[in-house]
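Chain by chain, the residues:
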Amino acid sequence: MTNWKVRILDSLQCLTYGTDEGEREFRIPEAGYRRLARLYEAIIDRLENLGTPERENLKLAAFQEAVGKFVALETFLFHDQQLQLSSSLFRQFSFIQQKILTVKGSHHWNQFRLYLQQEITKPEVETTAFESVLSSIQTFNDRLREHVREFLLSSPALRSLDVARRAKRNEYIKKLGFLTDVMVRTALIKKLPHLFPKPRTIRKLGTMGVYEYENALDTEEDEDASESEDDNQVKSALENVSSSKEPENDEEAESVLELEKAEGEDNDFITFPGKLNSVHSVKALIDTGGGANLLSRKYLLARSIPIPDSDKTVTLKNPDGSASKRFPVIKVKWSFTAMPDRDWPEVEFIVTEDGPAALIGLPFLKETQLIHDQAGKLLFPEFTNVSQMSAKHVDGSIPIYNFDTSGKPAS
């Protein structure tokens, strides 16, 4: 092993001498994650002190990116002030969610610490030691980010319109790639406020004039009447402060989804606007029960969108279990308004005779991760009510499942 490798590896091992195992280091999660961030930053410091060839050989730029991402996650969880919450974002999560993040961080600390202290200098790992360190940081970042994304969307904090508006401007929301989630949530709160009932009470914390919403939500219409006069005064004061600070212009967020009444239905359905082939605007329903993407021939012809010849055809299952006639399958370029920096160049759509202009099936919906995580788990709790649209929307041939915004089954 070269002298410069010996020096830096010895230095990295020294960083964890005198520290405890994860259960003790993460007894206070904030302190555990801060120590992990300092360890990562110290690694960067040591790599930056090397000569240019060595820095490039050890992928300094990749280390800086990975450490920067972790520091952003750690700061967002424990030290962010831009959301103006009554506590850290971490403390807004449920007890179980906090425990998950603590256990994950503790386990990673133990593995990382053990590797630095015992494994990294073994001859058989000499050539890959630093790649293993980098890979460990990157893997933990990805897992941590997925947890934070899920817990953020389920937290009481992001069920508040004022907080959602602040979140749109939050630098860590942008750095960590959560802006689309915040835009979707903001639009949902604005368009479907009944899905986000206000907290039941507001209570004062200590004597410093700090107030916090309780997590319990209204379940009865007469709850407001039970609030004390003091609570109402506090609520009024907080609402006046927030309205004076937060702009009311949510047009950008509201454009990421729209409500549409399907033909023959009284209920509104959520649609996600997108574009076909980067040109043609279309409002797509989302299908959580089937595996196909659909385009209406009627919609395509009405807008003079050419339908390419296709050798591939499929049948769809009728409500009675029988097979439909065969429909052609075409490939188009697709993008969502909610995800302006991404597009999918060859997405298969089945061209039906009628029905909704466009419908996105569950497999492609999961692939986009618009409302799912990497594992395909639905991340928006408000999308748990799934209802079936009437089969007449597609001439009685295709059962279509959709999110119904009323929270009740469609007729």
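The numbering scheme is per chain: residues are counted from 1 as the chain's sequence reads. In keeping with the model being predicted, local features are shown solely for residues with a pLDDT of at least 70 and side-chain atom pairs are shown and tallied solely at 80 or more, while totals for entire chains, interfaces and linings include all residues. Computation of side-chain values: all heavy atoms of the structure, hydrogens and water removed.

## Remarks on the overall build of the protein
Thinking step 1. For helices the rule is a DSSP run of H or I covering at least 4 residues; for strands it is a run of E covering at least 2, with both sets numbered from the N terminus onward. The helix and strand tally for the protein stands at 15 helices and 12 strands.
Thinking step 2. Classification of residues uses two cut-offs on accessible area relative to the type maximum, computed with a 1.4 Å probe and protein chains only: under 20% is buried, over 50% is exposed, and between them is partly exposed. Relative to its 411 residues, the protein shows a buried fraction of 46%.
Thinking step 3. A total accessible area of about 20700 Å² is found for the protein, and carbon and sulfur atoms account for 48% of it. We get accessible surface area from the Shrake-Rupley algorithm with a probe of 1.4 Å; when it comes to residues, only the shown protein chains can shield them.

## Some remarks on the pattern of salt bridges
Thinking step 1. In what follows, salt bridge is the name for a side-chain nitrogen of Lys or Arg lying within 4 Å of a carboxyl oxygen of Asp or Glu. Following the criterion strictly, the structure yields 14 salt bridges and no others.
Thinking step 2. Of the charged contacts in the structure, one is a salt bridge between Asp181 and Arg149, with a shortest N-O distance of 2.8 Å. Of this pair, Asp181 sits in helix α11 (residues 179-191) while Arg149 sits in helix α8 (residues 129-154), placing them 32 residues apart in sequence. Residue Asp181 shares its accessibility class with Arg149, and that shared class is buried.
Thinking step 3. Of the charged contacts, one joins Lys175 and Glu171 as a salt bridge, the two residues approaching to 3.6 Å between their closest N and O atoms. Taken together, the positions of Lys175 and Glu171, both in helix α10 (residues 171-175) and four residues apart, correspond to about one turn of that helix.
Thinking step 4. On the accessibility criterion, Lys175 (57% relative accessible area) is exposed.

## Quick look at the environment of Ala338
Thinking step 1. Structurally, the position occupied by Ala338 is in the loop between β8 (323-336) and β9 (344-352).
Thinking step 2. Residue Ala338 is classed as buried on the basis of its relative accessible area of 6%.
Thinking step 3. What Ala338 contacts, discounting residues up to four positions off in sequence, is Thr180, Val184, Val256 and Leu370. In what follows, residue pairs with any heavy atoms lying within 4.5 Å of each other are defined as contacts.

## Some thoughts on unusual backbone geometry
As a rule of thumb, non-glycine residues mostly have phi less than zero, and peptide bonds are mostly trans rather than cis.
Thinking step 1. For Gln84, which is not a glycine, the phi torsion comes out positive at approximately 55°.
Thinking step 2. As for its placement among the helices and strands, Gln84 is situated in the loop between α5 (60-78) and α6 (89-92).
Thinking step 3. For Gln84, a relative accessible area of 45% translates into the label partly exposed.
Thinking step 4. With phi around 55°, Ser304 is a residue other than glycine that occupies positive phi space.
Thinking step 5. Position of Ser304 among the secondary structure elements: in the loop between α14 (297-302) and β7 (313-317).

## With respect to the packing of helix α9 (residues 161-168) against α11
Thinking step 1. Only C-alpha atoms enter the line fits that serve as axes; for helices the fit covers just the stretch in contact. Angles between N-to-C directions range over 0 to 180 degrees. The interhelical angle for the contact between α9 and α11, taken along N-to-C directions, is 150°, at an axis separation of 9 Å. Judged by the inter-axis angle, α9 sits roughly antiparallel to α11. In this structure, α9 crosses over α11, and the sense of that crossing is left-handed. Where α9 abuts α11, its residues Leu161, Ala164, Arg165, Ala167 and Lys168 lie against Leu179, Val182, Met183, Thr186, Ile189 and Lys190.
Thinking step 2. The classification used treats Ala, Val, Leu, Ile, Met, Phe, Trp, Tyr, Cys and Pro as nonpolar, Asp, Glu, Lys and Arg as charged, and all other residues, Gly among them, as polar. Across the contact of α9 with α11, the residue classes tally to seven nonpolar, one polar and three charged. Small angles under 35 degrees read as roughly parallel and large ones over 145 as roughly antiparallel, with 65 to 115 read as roughly perpendicular and the rest as oblique. Helix crossings fall into two classes, left-handed where the near helix is turned counterclockwise from the far one by less than a right angle and right-handed where it is turned clockwise.

## Describing the confidence of the model for the protein
Close reading of the predicted structure is inappropriate where its pLDDT is low.
Thinking step 1. Values of pLDDT, which run from 0 to 100, indicate the predictor's confidence residue by residue. Counting all residues, the mean pLDDT for the protein is 77, and 71% of those residues have values of 70 or more.
Thinking step 2. Low confidence marks residues 201-247, where pLDDT is under 50. Its contacts with residues over four positions away, or in another chain, come to 55 contacts.
Thinking step 3. Every residue in residues 386-411 is under pLDDT 50, and counting partners more than four places away or in other chains gives 96 contacts.

## Brief notes about the packing of aromatic side chains
In this description, an aromatic ring pair is defined by two values, namely the gap between the centres and the angle between the planes.
Thinking step 1. Paired rings are identified among Phe, Tyr and Trp, the last through its six-membered ring, by centres lying within 6.5 Å, and are further divided according to the angle between planes into stacked (under 30 degrees), edge-to-face (over 60) and tilted (the rest). For the structure shown, the criterion picks out 15 aromatic pairs.
Thinking step 2. Ring geometry for Trp334 and Phe349: centres 5.7 Å apart, planes at 40°, overall tilted. Here Trp334 is found in strand β8, whereas its partner Phe349 is found in strand β9, with 15 residues between them in sequence. Comparing Trp334 with Phe349 shows no difference in burial state: the two are buried.
Thinking step 3. Measuring from ring centre to ring centre gives 5.7 Å for Trp344 and Phe364, while their planes differ by 85°; the resulting arrangement is edge-to-face. Here the residue Trp344 occupies a position in strand β9, and Phe364 occupies one in helix α15 (residues 362-368), the gap between them amounting to 20 residues. Comparing Trp344 with Phe364 shows no difference in burial state: the two are buried.
Thinking step 4. Joined through ring pairs, the aromatic side chains of Phe26, Tyr33, Tyr40, Phe70, Phe78, Phe90, Phe112 and Phe140 make up one cluster.

## Here's the deal with the pairing of strand β4 (residues 268-276)
Thinking step 1. With seven of nine residues buried, β4 lies mostly within the body of the structure.
Thinking step 2. Criterion used throughout: strands pair if DSSP finds at least two bridges between them. With six bridges joining them, β4 and strand β5 (residues 280-286) adopt antiparallel strand pairing. Opposite Lys275, over in β5, you have Ser281 as the bridge partner.
Thinking step 3. Two successive antiparallel strands, β4 and β5, enclose a turn made up of three residues, where Asn277 displays a positive phi of approximately 55°.
Thinking step 4. Across three bridges, the pairing between β4 and β8 is antiparallel. Note that in β8 the partner of Leu276 across the bridge is Trp334.

## Concerning the environment of Ala66
Thinking step 1. Among the structural elements, Ala66 can be located in helix α5.
Thinking step 2. By relative accessible area, which is 6% here, Ala66 ends up buried.
Thinking step 3. Linking Ala66 and Asp142, residues 76 residues apart in sequence, is a C-alpha distance of 9.8 Å.
Thinking step 4. In contact with Ala66, not counting residues within four places along its chain, are Leu134, Ile137, Gln138 and Asn141.

## Describing the nonpolar core
Thinking step 1. The definition of a nonpolar core used throughout is a set of buried Ala, Val, Leu, Ile, Met, Phe, Trp, Tyr and Cys residues joined through side-chain atoms within 4.5 Å. Counting 92 residues, the largest nonpolar core has Phe76, Leu144, Leu188, Phe272, Trp334 and Ile360 as its most contacted members.
Thinking step 2. Excluding anything up to four places from it in sequence, Phe76 contacts Leu83, Leu89, Val148, Leu152, Asn170, Tyr172, Ile173, Leu176 and Phe178.
Thinking step 3. Of all hydrophobic cores here, the second largest spans nine residues; its members include Phe269, Leu294, Leu316 and Val329.

## Some remarks on the packing of helix α3 (residues 29-48) against α5
Thinking step 1. At their nearest, the axes of α3 and α5 sit 10 Å apart, and the two run at 160° to each other. When the axis of α3 is compared with that of α5, the two are roughly antiparallel. The element α3 and its partner α5 pack so that their crossing is left-handed. Across the interface between the two elements, Pro29, Glu30, Tyr33, Arg34, Leu36, Ala37, Tyr40, Glu41, Ile43, Ile44, Leu47 and Glu48 from α3 touch Leu60, Phe63, Gln64, Val67, Phe70, Val71, Glu74 and Phe78 from α5.
Thinking step 2. For the contact of α3 with α5, the class distribution of residues is 14 nonpolar, one polar and five charged.

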